[in-house]
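A look at the structure
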Amino acid sequence: MLRLLELVKEKIRGRLKSGLPKVSRRMPPKEAVYTVYVTPFGPVFKDTNGILLPFATRKHVFHDLAPLFYIKGAQEVFLSAKSKYEGKHLVTGIVTVNGKRFPFKAVTDFETIVLNLVRVTGANISLKNPSTIIEYGGWRIYLKMPSIAGGEWELEAAKLLPPPPLASYGALIAVRILTLGLTRIATLIIGEPGAGKTTLLNSLLIEELRLFPSLRTVIVETVPELFVPPNLRRYVSRHVAKDGDIGRALKNAIKYSRPDALFVGEIRAGDIDFVEAGRSGIPTISTMHSPNAMLALHAIAMHARTRLGPTVSLGDIADYIKCFIEVRKVYADAIKRGVIAGIALSDGKRLRYIYRRGRVCPDSKFLDLLSSYDTVIALSIEAVSYTHLTLPTTERV
């Protein structure tokens, strides 16, 4: 009996011991002056030069870099890892927190981090395939081997966050973008990388799903980017063009999925099939890198001429892509993304701006430009404009 009691005591001691959190015995970096962030995986210090120094106190896939990914408000992490000594790498980069960018550095075994990411995500990265895009812990990560990144490992990560409500872009602008998204035309959201094009597209997608769940909404992407809330996923069909052939995925989506509304991930000027989709009478909307509507038209027309013949004009493209929404990112104390700089509609002869630099055209002009088209719901364009977002429209000029 005494022996049994001793065994029970040892069991209890073992459980209690194993249940205690492991405390790091390592010392913080010598350059650390004070703590700027405290995260579940350790603090982030700052040195006298203003450089952040992450210090992990718990095991994680990202090792010493883990605290960077758990800073409250962290949005982006860009880094490169240079081999230093004994399997260690000098990791330097920038982390974006609430729109502000801060430099950081750390010394860690970056190749072990890569192996951890491959193990938990099943990523395919090798000399034959030296780059990969993965998702882990709510982050989209683009990982590149030294062979294609100037001799150093590179990692670019963006936090996957639910988009803001469409109404956050302004009541009247939100109503008009929603109207355009339901009208039987093709719309292109344009801007520089990181401007917030996909975020705006995602906000429109969620608003349409929320207001009109009966619509057959189809998403076509090369890389899954658009966020769909779990309670709305049953209303959505997704096509992922894993081979990068978005044209084939578009054709299959239109032919077999029978969409009422078509949301297309980022396209390039050479993806002429998006122009073809604009002829189908399905409300179609996508994003593209371009500083303004005219340059986007010129780029698409140039590629269209190589495929469809030299007679293709800007007017021909504008006949199928009727609307352009220009989005910007603005640099001030913090980076502000998703700033809508202009919304232009083609009248067949020229682009007419219904919104530009804070000024909104009268309702009569907006409705006149869309008078030749109808919507996919059993309401007129006027009804969509005025009834489906019960928000004040005091922004008119």
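Everything below is about the structure shown above.
Residues numbered from 1 in each chain as written. Predicted model: local features only at pLDDT ≥ 70, side-chain atom pairs only at ≥ 80, totals over all residues. Heavy atoms only, no water.

**Considerations on the environment of isoleucine 71**
Here is the rule we go by: Strands are runs of DSSP state E lasting at least two residues, helices are runs of H or I lasting at least four, and both sets are numbered from the N terminus onward. Only protein chains enter the accessibility calculation, which uses a 1.4 Å probe. A residue is then buried if its area is under 20% of the maximum for its type, exposed if over 50%, and partly exposed in between. Whether two residues are in contact is decided by their heavy atoms, any of which lying within 4.5 Å being enough.
Along the chain, isoleucine 71 falls in the loop between helix 2 (66–69) and strand 4 (74–85). Among the residues examined, isoleucine 71 registers a relative accessible area of 5% and is labelled buried. Through-space distance from the C-alpha of isoleucine 71 to that of glycine 42 is 9.8 Å; in sequence the pair is 29 residues apart. Discounting chain neighbours no more than four positions away, the residues touching isoleucine 71 are Tyr37, Thr39, Val44 and Val97.

**Quick look at the environment of threonine 132**
Inspection of the secondary structure puts threonine 132 in strand 7 (residues 131–136). The sequence separation of threonine 132 and leucine 143 amounts to 11 residues, and the corresponding C-alpha distance is 5.5 Å. Setting aside its immediate chain neighbours within four residues, threonine 132 contacts Ala123, Asn124, Ile125, Ile141, Tyr142 and Leu143.

**Quick word on the sheet that holds strand 18 (residues 359–360)**
Stated precisely, the cut-off is as follows: Between any two strands, at least two bridges found by DSSP are needed for them to pair. Inter-axis angles, ranging from 0 to 180 degrees, are taken between N-to-C directions of lines fitted to C-alpha atoms, where helices are fitted over the stretch in contact.
Pairing in this open sheet of nine strands is mixed, and the strands run 12-11-13-14-10-15-16-17-18 from one edge to the other. At either end of the open sheet lies a strand with only one pairing partner, and these are strand 12 (236–240) and strand 18. Where strand 10 (residues 186–191) meets strand 15 (residues 321–331), five bridges bridge the pair, whose relative direction is parallel. Bridge pairing in strand 15 places isoleucine 189 opposite isoleucine 325. Sitting on the sheet, helix 4 (residues 171–182) touches strand 10, strand 15, strand 16 (335–346), strand 17 (351–356) and strand 18, and the angle it makes with strand 16 is about 55°.

**Comments concerning unusual backbone geometry**
The backbone phi angle of arginine 258 is positive, close to 50°, even though this residue is not glycine. Considering the arrangement of structural elements, one finds arginine 258 in the loop between helix 6 (246–257) and strand 13 (261–264). Residue arginine 258 is classed as exposed on the basis of its relative accessible area, which comes to 66%. If you check the backbone angles, arginine 357 has positive phi at about 50° while not being a glycine. Checked against the element boundaries, arginine 357 lands in the loop between strand 17 and strand 18. Judged by relative accessible area, which is 70%, arginine 357 ranks as exposed.

**Details of the pairing of strand 17**
Bridge count for strand 16 against strand 17 is five bridges, and the pairing is antiparallel. Its bridge partner lying in strand 17, isoleucine 343 is registered against tyrosine 355. Taken together, strand 16 and the strand that follows it, strand 17, pair antiparallel across an intervening segment of four residues, in which glycine 348 is found at a positive phi of about 100°. Examined bridge by bridge, strand 17 and strand 18 share two bridges and lie antiparallel to one another. For arginine 356, the partnering residue across the bridge sits in strand 18 and is arginine 359. With antiparallel pairing between neighbouring strands as the criterion, strand 17 and strand 18 make up a hairpin whose turn holds two residues, including arginine 357 at a positive phi of roughly 50°.

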